[in-house]
Amino acid sequence: SLNAAIALYSMLIVAASAKLNRKVLRETCTDTLTTSAMIFFVIMTAQAFSLAFRGLGGELLIQDLFALIPGGTNTDILFFMAVLFVAGVLLEWAEISYIVLPLFLPYFVAQGVDMVWLAALICINLQTSFLTPPVGWSLFFFRGVAPPIVQTREIYRGVWPFIGIQLAAVVIVLLLPGIATWLPTAMGWMNR
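The structure presented is a predicted model; accordingly, all values stated were derived computationally and were not measured.

Cut-off values and rules
Residues numbered from 1 in each chain as written. Predicted model: local features only at pLDDT ≥ 70, side-chain atom pairs only at ≥ 80, totals over all residues. Heavy atoms only, no water. Salt bridge = Lys/Arg side-chain N within 4 Å of Asp/Glu carboxyl O. Helix = DSSP H or I, 4+ residues; strand = E, 2+ residues; numbered from the N terminus. Axes fitted to C-alpha atoms, helices over the stretch in contact; angles between N-to-C directions. Left-handed = near helix turned anticlockwise from the far one by under 90°. Contact = heavy atoms within 4.5 Å. Nonpolar A, V, L, I, M, F, W, Y, C, P; charged D, E, K, R; others polar. 1 Å grid on protein atoms, 1.4 Å probe; cavity = no way out; pocket = protein on both sides within 12 Å on 5 of 7 lines; lining within 4 Å. Points joined across faces, edges and corners; volume = space filled by probe spheres on them. Phe/Tyr/Trp six-rings, centres within 6.5 Å; stacked < 30°, edge-to-face > 60°. Buried < 20%, exposed > 50% of the residue type's maximum accessible area, 1.4 Å probe, protein only.

Draft legend 1. Molecular detail of the pattern of salt bridges. Applying the stated criterion across every chain, the model contains one salt bridge. Glu-27 is the partner of Lys-23 in a salt bridge, and the nearest nitrogen-oxygen pair spans 3.9 Å. You can see Lys-23 and its partner Glu-27 sitting in helix α2 (residues 22-55), four residues apart, about one turn around the helix.

Draft legend 2. Representation of the packing of helix α5 (residues 93-110) against helix α6 (residues 115-129) in the model. One can describe the packing of α5 onto α6 by two numbers: an axis separation of 12 Å at closest approach and a directional angle of 145°. Judged by the twist between their axes, the crossing of α5 over α6 is right-handed. Across from Ile-96, Leu-101, Leu-105, Phe-108 and Val-109 in α5, the residues of α6 making contact are Met-115, Leu-118, Ile-122 and Leu-126. Grouping the constituent residues of the contact of α5 with α6 by class yields nine nonpolar, no polar and no charged.

Draft legend 3. Just the environment of Leu-90, in detail. For Leu-90, the location among the structural elements is in helix α4 (residues 73-90). Taking the C-alpha atoms as reference points, Leu-90 and Ala-46, separated by 44 residues in sequence, lie 17 Å from one another. Non-local contacts of Leu-90, meaning those with residues more than four positions away in its chain, are made with Val-135 and Trp-137.

Draft legend 4. Spatial organisation of the layout of surface pockets. As a volume, the largest pocket reaches approximately 150 Å³. Around the largest pocket, the lining residues are Leu-91, Glu-92, Trp-93, Phe-130, Trp-137, Ser-138, Phe-140 and Phe-141. Considering every element that reaches the lining of the largest pocket, the biggest residue donor is helix α7 (residues 137-145), with four residues. Taken together, the residues of the lining of the largest pocket break down into six nonpolar, one polar and one charged.

Draft legend 5. Expanded view of the packing of aromatic side chains. Tallied over the full model, the rule gives seven aromatic pairs. Centre to centre, the rings of Phe-66 and Phe-108 are 5.3 Å apart; their planes meet at 65°, and the pair counts as edge-to-face. Of this pair, Phe-66 sits in helix α3 (residues 58-67) while Phe-108 sits in helix α5, and the two are 42 residues apart along the sequence. As far as the burial class goes, Phe-66 and Phe-108 line up, both buried. Using a relative accessible area of 0% as the deciding quantity, one classes Phe-108 as buried. Taken together, the ring pairs connect Phe-66, Phe-79, Phe-80, Phe-104, Tyr-107 and Phe-108 into an aromatic cluster.

Right, here's the structure in full:
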């Protein structure tokens, strides 16, 4: 699989740099196991939450929520994008993918929204929110690799042009769905 190949090549690169030893291998395996266990725990608890949510009529609650929003499906999508943006600023991708998305996506499936187009919007929107201060998760990665001379406030100021570009991309894909669907259609993955 792709992940196994990536792991193998990563080990070869570390070995070629003469930094592969028992301690590095043990720490890497421990960190990988910890991260994997956390993700599986989120998946299991998300499934339990979804089951309870649906059992208590939560899907009807979501439908009623969207019924309160005037303007039809397009306005519903804008509201959904706003909710996802705020969630992306505050939460990690795992919680959003396994808790937030399963709550809202059945509504859009029932409305006949193109799921490839919506998935593209979701991906661009979440990537934008992961860059947004003060909690944007990508900013922590930037801080980790930036040299000590670069201050956190400089990173926060520096991401705004990229956030603007990505928000423009969300608007473009929102207005021109063919941008997201032409390649899957051309490859025969979507029947149109």
